[in-house]
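Chains, contacts and geometry: an overview
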Amino acid sequence: MGTFDVEPEVGTIFVAQPLDYEMEQRYELRLVASDGKWENETLVVVQVVNRNDEAPVFSQTEYHSSVMEELTQLPVFILEVSATDPDQEADQTALRYSLHGQGAGGEFTIDEHTGRIYAQRRLDREERPAWRFLVLATDEGGMGLTGFADVLLEVRDINDNSPFFPCPALEVDGCFIGQVPENSPADTSIMEMHAMDLDDPKEGRNAMLTYSIIKNIRNEINLNLFSINATTGTIYTVLRSLDRETEDKYLVVVEARDGGGLSGTGTATIMVSDVNDHPPIFTQTAYTTQMNEDMEVNSEVLVVSATDGDEGENAVVTFSIVGGDEERKFFVETDKVNRRGVIKLKKKVDFEKLHERTFNLTLKAEDADFFSLAYCLVQVEDSNDHAPVFFPQFYESATMSEDVSVGTIVTQVTASDQDSGQNGRFSYSISKESDPYSQFLVDQSGWVVVAHSLDREKISQHRLMVLATDAGIPPLTGTAIVMVTVLDINDNGPEFEAPYKPVVWENTAAPQAVQMNESSMFLHAIDRDTSANGGPFSIRLLLLTSDATNFNLTDFRNGSAAITALRSFDRERQKEYRLPILMIDSGSPPVSSTNTLTVIIGDRNDHPHLPGHTHIVVYSYE
């Protein structure tokens, strides 16, 4: 398809491809009109009008320049940029330049007509060694299209910064601290003093540093104690004459000077560290202490201490037992901070064993290289450490009936105590918790007897805890268990299984079965005695009152019975009926009991209400 085309029916010429003024400014078109037999043609000339479609182009995509720092004759010319407008017939004088980015409008400006860039402020390489910004060129007097280029400006260094010693971490003794052991040989490296210079190390000798000591320490024969490497700043010992006990800290002033003659100083703190040349010494050569034989394991027996003329790790003292404790009854915990040894009990001791009444311990205090000894006498004192012991510890007496007479012997218990004297004397008693009703007692010979009547229905088997308590301070107690099984006698009559409150509704035709409660139609009997003295039961209704004549009882001979109402009732005449029920168990001999069953007459709404009145008295205190 060509650049232009025509509508065949109407003759409209239209643009078919994009036009480019820079490629073609004039087109001559031959237009033909035809009716199929005849035709005619004409010449159409199309003039292409130019428009601004090309942005200005810089001579370089990136400009590089440099400027010296700290120049004060402002403004300072830096460089000139140039751009052209590719549009044909464009007005090249209509280009306008501008800056954007770092420092634009502040540190740097540009002449919008010439493209000359100037520094308007004093530049400091240590603050910013390089600047990078954009320069723009806009045609049509700054209102058209824009082209851009990068400008990279390097700030060149001058020697305007003195060396200084940066403090890595401020401590109690200063910024620069070195350690050297006492008695170190000559030329021992102690520490490195490192100075900084903010000038450019690539620019001549502005940042090339040389170190020297301007304030040294001299010994008694006026010789310097320290030297320094001029290049690295490393400080060394000069003589083998450092003694921590004489002086443990030195201050040395070091100077760093750059190639331009500027200098700075820093103070080195040299700490003389200790070497282990003193043994630990006990504060006492002999110790004496007492302890009770009932002392608990890990309890403190005695505290010993030692001194050491050294310091730090060389003065760390460890305590131990090296003699007199073959069975390892004791151990020592070391308090390294306070140089103390805490002697503690590792195993229980027994005063009753003759060889455990006195211990002669040999103690050792040692550091990394030296040690010393001391002696400790531990005397064990007797204590009440044995409780009375029953033998046997479990007794089971013969069974006895619950109607056994008071004073009946149950059994005899025996106990012994390994202690002697007051600690070995003991007395018997029965724990209140095991005999809540005080039905038994024990005498000081160990005889356990019945003290009060027994009741199998309360407790069918007694588990008595008999105590043997000695007279020691504090007293110790041993225990034994006495089992007493109580046999049943028929001493309880039958009773209702539940507190029945049956309801019979008034105006209901007879006969009417009486429901005992929500879950049962029948009356059930129980007996707190054992089954041998329990059912089967005999249940009868005693016709002793007029109330009983209105009901009938049917005994099923299996511990249950049914009650039947024999007539209709009126609640307004009588609200309840009390029925005496006789129940007899099958024990030998049998035991009977009479329980009263209360039958409540339920109300129905069978009476109209009547007028009523009340009398109200009102008091007014106003």
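Everything numeric here is computed off the predicted structure, so don't read it as measured data.

This paragraph deals with the packing of aromatic side chains. Summed over all chains, the structure comprises 18 aromatic pairs. Judged by centre distance (6.3 Å) and plane angle (55°), the ring pair of Phe-165 and Tyr-211 falls under tilted. Of the two residues, Phe-165 is situated in the loop between strand 13 (146–156) and strand 14 (176–181) and Tyr-211 in strand 16 (residues 210–215); the sequence distance between them amounts to 46 residues. Of the two residues examined, Phe-165 and Tyr-211, each falls in the buried class. Judged by centre distance (5.2 Å) and plane angle (85°), the ring pair of Phe-522 and Phe-556 falls under edge-to-face. Of the two residues, Phe-522 is situated in the loop between strand 41 (512–514) and strand 42 (523–526) and Phe-556 in the loop between strand 44 (551–555) and strand 45 (560–565); the sequence distance between them amounts to 34 residues.

Inspection of every chain in the model, using the stated rule, returns one disulfide. One disulfide in the model links Cys-167 with Cys-175; its S-S distance is 1.9 Å. Its S-S torsion of approximately -95° makes the covalent link between Cys-167 and Cys-175 left-handed. A relative accessible area of 37% places Cys-167 in the partly exposed class. The exposure class assigned to Cys-175 is partly exposed, which follows from its relative accessible area of 26%.

Taken together, Val-322, Phe-371, Leu-373 and Tyr-375 make up a surface patch of nonpolar side chains, about 410 Å² in accessible area. The dominant element in the nonpolar patch, judged by the number of residues it contributes, is strand 28 (residues 371–381), at three residues. Note that Val-322 resides in strand 24 (residues 318–323).

A few words on the UniProt feature "domain: Cadherin" (unreviewed entry) in the chain. UniProt feature "domain: Cadherin" (unreviewed entry): in the numbering of this structure it lies at residues 4–58, 59–165, 179–282, 283–390, 392–496 and 496–610. The distance from the first to the last C-alpha atom of residues 59–165 is 48 Å, and the span holds 4% helix and 44% strand. A helix fraction of 0% and a strand fraction of 40% characterise residues 179–282, whose end C-alpha atoms lie 30 Å from each other.

Tracing the backbone shows Arg-456 in the loop between strand 36 (447–450) and strand 37 (461–470). Polar contacts involving the side chain of Arg-456 include one to the side chain of Asp-488, which spans 3.1 Å. For Arg-456, the contacting residues outside a window of four places in its chain are Glu-402, Val-486, Leu-487, Asp-488, Arg-528, Asp-529 and Thr-530.

Right, let's get into the sheet that holds strand 15 (residues 189–192). Reading across the sheet, the three strands line up as 15-18-17 and stay open at both edges, with antiparallel pairing between neighbours. Both outer strands of the open sheet, strand 15 and strand 17 (226–228), are each paired with one neighbouring strand and no more. Looking at each pair of strands side by side, their axes are set apart by 25° on average, direction ignored. By the bridge criterion, three bridges tie strand 15 to strand 18 (residues 234–237) in an arrangement that is antiparallel. Counterpart to Glu-192 in the pairing with strand 18 is Thr-234.

It is worth spelling out the environment of Asp-403 at this point. When you line up the elements, Asp-403 lands in the loop between strand 31 (400–401) and strand 32 (409–412). Here the alpha-carbon distance between Asp-403 and Met-516, two residues 113 residues apart in the chain, equals 36 Å. Polar side-chain contacts of Asp-403 include one of 2.5 Å to the side chain of Ser-401.

Spatially, four strands are ordered 21-23-26-25 in an open sheet, and the strand pairing comes out antiparallel. Looking at which strands have only one partner, the edges of the open sheet turn out to be strand 21 (281–282) and strand 25 (330–335). Pairing analysis gives five bridges linking strand 23 (residues 300–307) to strand 26 (residues 340–345), with the strands arranged antiparallel. Counterpart to Leu-302 in the pairing with strand 26 is Ile-343.

Where burial is concerned, most of strand 26 is hidden: five out of the six residues are buried. Relative to strand 26, strand 25 runs antiparallel, the two being bridged by six bridges. Of the residues in strand 26, the one forming a bridge with Val-332 is Ile-343. From the end of strand 25 to the start of strand 26, which pair antiparallel, there are four residues, and Arg-339 there has a positive phi angle of about 50°.

Residue placement: Ala-256 occurs in strand 19 (residues 249–257). Overall, Ala-256 belongs to the buried group, its relative accessible area being 0%. Remark: the alpha-carbon pair of Ala-256 and Ser-162, spanning 94 residues in sequence, is separated by 8.9 Å. Excluding anything up to four places from it in sequence, Ala-256 contacts Pro-163, Phe-165, Ala-195, Thr-210, Tyr-211, Leu-262, Ser-263 and Gly-264.

Conventions adopted
Residues numbered from 1 in each chain as written. Predicted model: local features only at pLDDT ≥ 70, side-chain atom pairs only at ≥ 80, totals over all residues. Heavy atoms only, no water. Phe/Tyr/Trp six-rings, centres within 6.5 Å; stacked < 30°, edge-to-face > 60°. Helix = DSSP H or I, 4+ residues; strand = E, 2+ residues; numbered from the N terminus. Buried < 20%, exposed > 50% of the residue type's maximum accessible area, 1.4 Å probe, protein only. Disulfide = S-S within 2.5 Å. Patch = residues over 30% accessible without salt bridge, like charges linked within 9 Å, V, L, I, M, F, W, Y side chains within 5 Å. Areas by Shrake-Rupley, 256 points an atom, 1.4 Å probe, with all protein chains shown as cover. Salt bridge = Lys/Arg side-chain N within 4 Å of Asp/Glu carboxyl O. UniProt positions renumbered as here; feature names shortened; annotations may be inferred. Polar contact = N/O pair within 3.5 Å; in protein donor to acceptor, adjacent residues only side chain to side chain. Contact = heavy atoms within 4.5 Å. Pairing = 2+ DSSP bridges. Axes fitted to C-alpha atoms, helices over the stretch in contact; angles between N-to-C directions.

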